[in-house]
Amino acid sequence: MVNGWQLSGVLQYQTGPPLQPLTGTGLNPSFAGQNNRSILGTDGITLQPYLTCDPSKHLASGQYFNPNCFAEPAIRGVNGPLIWPTITAPAFFDTDLGIYKNFKVTERQAIQFRLTAFNLPNHPNKQFGLGNDVNLTFGCPTGATCTDPSQFRNTNKDTTGKPKYTVGNRSLEFALKYTF
């Protein structure tokens, strides 16, 4: 009972990736009153939202970016910036552990009982992009009177700067291995 045990584990931590390149054209904007042709005069350039502040600063608890820092372009010939301040998505953390017990049957035959736990501490990871939480939809905010498209702000209730979903739960795997 004392001999024949094996222990195997993996601990993984990754910092959050930059969010802007992962969302196509910078948080997948949908403009209410403007388009590439009306502002830039061509469909060959992607229309980008204006930045009214640094979206990576002054964040509420759990927020990764401030969606109130984006405005719809309104000045003909002026596009929003292609490069934003760094906005990072949530970090990734995972711990897997395997415990194996070996039993000799004969000199050439053995049985191994395996128990493997994936995401052992059952720590869910926050994740953007599984729904509508990284899509800016511009329009006139409820209760406001907008006379200029530059007053249009994000009206998508899902895009709050916080991930809407978590992924990952603990999985246990039992196995019996017979070698001959």
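The relation between two aromatic rings is expressed through the spacing of the ring centres and the mutual angle of the planes. Tallied over the full model, the rule gives six aromatic pairs. Ring plane angle 45° and centroid distance 5.8 Å describe the contact between Phe-65 and Phe-128, whose orientation is recorded as tilted. Within this pair, whereas Phe-65 is found in the loop between strand E2 (50-51) and strand E3 (70-71), its partner Phe-128 is found in the loop between strand E6 (125-127) and strand E7 (138-139), the two being separated by 63 residues in sequence. Taken as a pair, Phe-65 and Phe-128 share a single burial class, namely buried. One aromatic cluster is present, built from ring pairs that chain together Tyr-64, Phe-65 and Phe-128.

We now examine unusual backbone geometry. Its identity as a non-glycine residue notwithstanding, Asn-28 has a phi of 40°, on the positive side. For Asn-28, the location among the structural elements is in the loop between helix H1 (19-22) and helix H2 (36-40). Unlike most non-glycine residues, His-58 shows phi in positive territory, near 55°. Relative to the assigned elements, His-58 resides in the loop between E2 and E3. In this structure His-58 comes out as exposed when scored by relative accessible area, which is 78%.

What follows covers the side chain of Gln-63. Locating Gln-63 in the fold gives a position in the loop between E2 and E3. Of the residues examined, Gln-63 reaches a relative accessible area of 16% and is grouped as buried. Reaching out from Gln-63, the side chain makes a polar contact with the backbone nitrogen of Ala-60 at a distance of 2.8 Å. A distance of 2.8 Å separates a polar atom in the side chain of Gln-63 from the backbone oxygen of Thr-160. In this structure, Gln-63 is in contact with Thr-160, Gly-161 and Lys-162, ignoring residues within four places of it in sequence.

Before going further, it helps to examine the pattern of salt bridges. Evaluated as defined, the whole model comprises two salt bridges. Among the ionic pairs, Asp-43 bridges to Arg-37, the shortest N-O distance being 2.8 Å. For Lys-164, the salt bridge is made with Asp-158, and the minimal N-O distance between the two is 2.9 Å.

With 15 residues, the main nonpolar core has Leu-19, Leu-27, Phe-65, Phe-70, Phe-128 and Phe-138 as its most contacted residues. Residues in contact with Leu-27, not counting those within four places in the same chain, are Leu-19, Phe-65, Phe-70, Trp-84, Val-134, Asn-135 and Leu-136.

Moving on to the state of the cysteines. Following the criterion strictly, the structure yields two disulfides and no others. Here Cys-53 engages in a disulfide with Cys-69; their sulfurs sit 1.8 Å apart. Judged by the sign of its S-S torsion, about -85°, the bond between Cys-53 and Cys-69 is left-handed. On the criterion of sequence distance, the pair formed by Cys-53 in the loop between E2 and E3 and Cys-69 in the loop between E2 and E3 is long-range, its members being 16 residues apart. Classification of Cys-53 by relative accessible area gives partly exposed; the value is 35%. Classification of Cys-69 as buried rests on a relative accessible area of 0%. Between the sulfur of Cys-140 and that of Cys-146 lies a disulfide, 2.1 Å long from S to S. Taking the sign of the S-S torsion, about 90° here, the bridge from Cys-140 to Cys-146 comes out right-handed. Of the residues examined, Cys-146 reaches a relative accessible area of 22% and is grouped as partly exposed. Going through the protein chain in sequence order and numbering each bonded cysteine, the pairs you get are 1-2, 3-4.

Reading guide: rules and limits
- Residues numbered from 1 in each chain as written.
- Predicted model: local features only at pLDDT ≥ 70, side-chain atom pairs only at ≥ 80, totals over all residues.
- Heavy atoms only, no water.
- Phe/Tyr/Trp six-rings, centres within 6.5 Å; stacked < 30°, edge-to-face > 60°.
- Helix = DSSP H or I, 4+ residues; strand = E, 2+ residues; numbered from the N terminus.
- Buried < 20%, exposed > 50% of the residue type's maximum accessible area, 1.4 Å probe, protein only.
- Polar contact = N/O pair within 3.5 Å; in protein donor to acceptor, adjacent residues only side chain to side chain.
- Contact = heavy atoms within 4.5 Å.
- Salt bridge = Lys/Arg side-chain N within 4 Å of Asp/Glu carboxyl O.
- Core = buried A, V, L, I, M, F, W, Y, C linked by side-chain atoms within 4.5 Å.
- Disulfide = S-S within 2.5 Å.

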